[in-house]
Amino acid sequence: MVHNTKKILIPLHGNDVAPRFDLATEVMITVRDKNIAHGEEKIVVLSQASAEKLCHLILTEEIDVVICSGVEEEYYQYLTWKKVQVIDSVIGSWESVLKHFYEGTLRAGDILFDKEG
Amino acid sequence: MDTSQQSRINPLFNFPIDLRSLIDEIPLGIIVLNMDRRIMLLNRAFESLTGFSQEEATGVPCYHILRSKMCIKGCPALNMQQESKPVCMESDLINRDRNLIPVRINLALLKDPDRKVVGFLETVEDMRPIIKLDSQKSHAYSFAHLIGRSPQMEKIFQILPVFAQSDSSILITGETGTGKDLAAEAIHQASNRAKGPFVKVNCGALPETLLESELFGHRKGAFTGAVENKPGRFRLAHNGTLYLTEIGDLPLSLQVKLLTFLDDQMVYPLGGTKGFQANVRIIAATHRNLEQMVQTERFREDLLFRLNVVRIHLPPLRERQGDTRLLLDHFLNSLTSRFRKKIKGFSNKALEILRGYQYPGNVRELRNISEYAVNVCQEEKIQPHHLPAYLVEMKPMIKEQVSPLIQAGLDEYTLPGTEQTWGAMERKLILDALLKTGGRRSKTADLLGWGRSTLWRKMKQYEIDQ
């Protein structure tokens, strides 16, 4: 279970986690304080898809956790070095991904998808 | 979904075979999608490329697994109709190891026996080996049109792109025919100024007064005959590169003007009061020894220091081990296809002669010899009698590797311990040639291998015509 205040960012593709970090044009930012959701998910539309600009946004917004799918090693290492926790290769809708994260069961590489569609 | 039951092929053999094991042997990533673009089947090559297994990927929309740029920017499957042809696109993907991999994706429709579209077949080819091969091809043995695999040339190929990226002035030195012009153009093409103009000026080709107007331009009425404004080569090369070849032949008065330009980047046309700020990169080249010219006060020392920011020396062919054969084969290939000849190569004897020759004219001479031989040869292999006569009849080169005419001059006039300059030698050479041709200048120029204007200029320089 997550016990302290965390600011979470998820790059989006529709309702799902964006398949590519560098190609996401919108992100969802939310705050979870001592396991209580504030219920305020903020969607930020980016002016253009860019891994560099997204990294900049993550740092200026003081994000603690990034949940994403495909991300290049270079940006993964950069964010980790900047003390941002990155949970990558996650597939699923942002709601289900967040739910698993709050429950403390989300792991990198998780596929949380309704496979029957 | 029970894939083991579905992935069977019946009609090939008398018994059903497993489709998965069949496609696993194909070294190309393959995925089969249903109409909703969800993955139904994939092979081992796809697994190793993306890092997703069949169990993980089955039923997941393909863009979550393939993660290619093509999926995000506009999946071609969305626009495919029943009669659509397969689509081939180059893209990239990020696999589970967080590697960005360039790929070539081929997407085709899958149809049932009634020609109804039931899904898609996608092949994903890893382009890394091909890109690596291309880069090896373009870096190991060549840079633009320069070719070579000798250690000296490899060093140059490695350093040229680095020099190209800087905006410093470059001085290229090397004997005639070593590829100074090609190197200059290659540097321009690899630089940030590649989209700008590449203007070449031969400093030795024009008389001083004309050269000044040619380089810096003139205003209308600046001198008799200046009926309109002329921009000059510096202005034409704005935002690009100005290549000054034979910089050693630049008259002293213009050397001062060039020096001024290198200091403040301003161009003042003849007869003009206003200057023009030109953003030009200078590449200069010469076959002359500028340091020696500085000593004899024929070249300004301060100009040499300004041009000599980055220096590239192109080695003569005789010092490039192994390059003669490479270049012979290269020119033979290109010339045989150009002249539509069916020549397969050089005979051993011809090769022996060609390898033994010292090529005072360097690559240009080697190219001319190849062209001559390809033109003359009517057989499958180039024989010694297809080579220019002077090659077959030549004596082994002695002392300095100089042209036959100069060598003859040296043989005739031994200069024991004298300090005779190149100018004096050249003057003697011209006089000898004039004697041999009975004073006919065009024949003299031919004999010396110069243009008539060069001969005229040099005769004037050495005051022969007075």
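Before reading further, recall that the structure is shown in the block above.
Bear in mind that the values here come from a model prediction, so they are computed numbers and not experimental data. (Residues numbered from 1 in each chain as written. Chains lettered and ligands numbered in written order. Predicted model: local features only at pLDDT ≥ 70, side-chain atom pairs only at ≥ 80, totals over all residues. Heavy atoms only, no water.)

*Asks:* What's the story with the overall build of chain B in this structure? I'm lost.
*Replies:* A count of helices and strands for chain B gives 22 helices and 18 strands. By residue count, 45% of the 466 residues in chain B fall in the buried class. Long-range contacts, defined here as pairs at least 24 residues apart, represent 59% of the contacts in chain B between residues at least 6 apart. As displayed, chain B offers around 25200 Å² of accessible surface, 52% of which is attributable to carbon and sulfur atoms. (Helix = DSSP H or I, 4+ residues; strand = E, 2+ residues; numbered from the N terminus. Buried < 20%, exposed > 50% of the residue type's maximum accessible area, 1.4 Å probe, protein only. Contact = heavy atoms within 4.5 Å. Areas by Shrake-Rupley, 256 points an atom, 1.4 Å probe, with all protein chains shown as cover.)

*Asks:* Any chance you could explain the layout of surface pockets here in plain terms?
*Replies:* If you roll a probe as big as a water molecule over the atoms, it shows you where there is empty space left. All names here are of chain B. Taken as a whole, the second largest pocket spans an internal volume of roughly 540 Å³. Lining the second largest pocket are 22 residues, and of these Glu 208, Asp 249, Pro 251, Arg 457 and Gln 461 sit closest to its centre. Elements supplying a minimum of two residues to the lining of the second largest pocket: helix H20 (422-436) and helix H22 (452-461). With five residues, the top contributor of residues to the lining of the second largest pocket is H22. (1 Å grid on protein atoms, 1.4 Å probe; cavity = no way out; pocket = protein on both sides within 12 Å on 5 of 7 lines; lining within 4 Å. Points joined across faces, edges and corners; volume = space filled by probe spheres on them.)

*Asks:* Help me out: how do you make sense of the sheet that holds strand E10 (residues 170-173) of chain B in this one?
*Replies:* Think of a sheet as strands paired side by side through backbone hydrogen bonds, with each pair either parallel or antiparallel. All names here are of chain B. Read from one edge to the other, the open sheet built from five strands follows the order E11-E12-E15-E10-E16, with strand pairing classed as parallel. At either end of the open sheet lies a strand with only one pairing partner, and these are strand E11 (198-202) and strand E16 (310-313). On average, each strand axis in the sheet is inclined to that of its neighbour by 20 degrees, with strand direction left out of account. Bridge count for strand E12 (residues 241-245) against strand E15 (residues 281-286) is five bridges, and the pairing is parallel. Bridge pairing links Tyr 243 to Ile 283 in E15. Where helix H8 (residues 151-165) meets the sheet, its contacts fall on E10, E15 and E16, and the angle it forms with E16 comes to roughly 155 degrees. (Pairing = 2+ DSSP bridges. Axes fitted to C-alpha atoms, helices over the stretch in contact; angles between N-to-C directions.)

*Asks:* Looking at this structure, I do not really get the state of the cysteines. What am I missing?
*Replies:* Two cysteines joined by a covalent bond between their sulfur atoms form a disulfide. All names here are of chain B. A complete count under the given rule lists zero disulfides over all chains for this structure. Here Cys 62 is not disulfide-linked; the sulfur of Cys 71 is the nearest cysteine sulfur, at 5.2 Å. Its relative accessible area of 2% is what places Cys 62 among the buried residues. Looking at Cys 75, it has no disulfide partner, and the nearest cysteine sulfur is the one in Cys 62, 5.5 Å off. (Disulfide = S-S within 2.5 Å.)

*Asks:* Is there a simple way to think about the interface of chain B and chain A in this case?
*Replies:* By convention, interface size is frequently given as the accessible area that disappears when the constituent parts associate. Counting from both sides, the interface comprises 23 residues of chain B and, opposite them, 23 residues of chain A. Buried surface at the junction of chain B and chain A, summed over both partners, amounts to about 2000 Å²; 56% is from carbon and sulfur atoms. Here chain B and chain A share three salt bridges between them. Here B:Asp92 ties to A:Arg20 by a salt bridge, and the two come within 3.0 Å at their closest N and O atoms. Scanning the region where chain B abuts chain A turns up nine residue pairs in polar contact (both at pLDDT 80 or more). Taken together, the elements giving at least two residues each to the side of chain B that touches chain A come down to helix H4 (54-57), helix H5 (62-66), helix H6 (69-74) and strand E5 (87-94) of chain B. The residue inventory of the side of chain B that touches chain A, partitioned by class, reads nine nonpolar, four polar and 10 charged. (Buried area = accessible area lost by both parts, 1.4 Å probe. Salt bridge = Lys/Arg side-chain N within 4 Å of Asp/Glu carboxyl O. Polar contact = N/O pair within 3.5 Å; in protein donor to acceptor, adjacent residues only side chain to side chain. Nonpolar A, V, L, I, M, F, W, Y, C, P; charged D, E, K, R; others polar.)

*Asks:* Which parts of the structure should I look at to understand the side chain of B:Glu426?
*Replies:* Summarising the element assignment, B:Glu426 is placed in helix H20. Within the structure, B:Glu426 has its side chain in polar contact with the side chain of B:Tyr462 (distance 2.3 Å).

*Asks:* Is there a simple way to explain the pattern of salt bridges in this structure?
*Replies:* Once the charged atoms of two side chains with opposite charge are near each other, the side chains can pair. Under the defined criterion, the tally for this structure stands at 30 salt bridges over all chains. Residues B:Arg96 and B:Glu56 are paired through a salt bridge, measuring 2.9 Å at the closest nitrogen-oxygen approach. Here B:Arg96 is found in the loop between E5 and strand E6 (100-111), whereas its partner B:Glu56 is found in helix H4, with 40 residues between them in sequence. B:Glu56 sits in the partly exposed class, given a relative accessible area of 26%. Of the charged contacts in the structure, one is a salt bridge between B:Arg233 and B:Glu214, with a shortest N-O distance of 2.8 Å. Pair noted here: B:Arg233 is in helix H11 (residues 233-236) and B:Glu214 is in helix H10 (residues 208-216), with a separation of 19 residues, a long-range link. By relative accessible area, B:Arg233 is classed as partly exposed at 23%. Given the relative accessible area of 15%, B:Glu214 is considered buried. Overlapping salt bridges, with partners in common, bring together A:Arg20, A:Asp22, B:Lys69 and B:Asp92 in one network.

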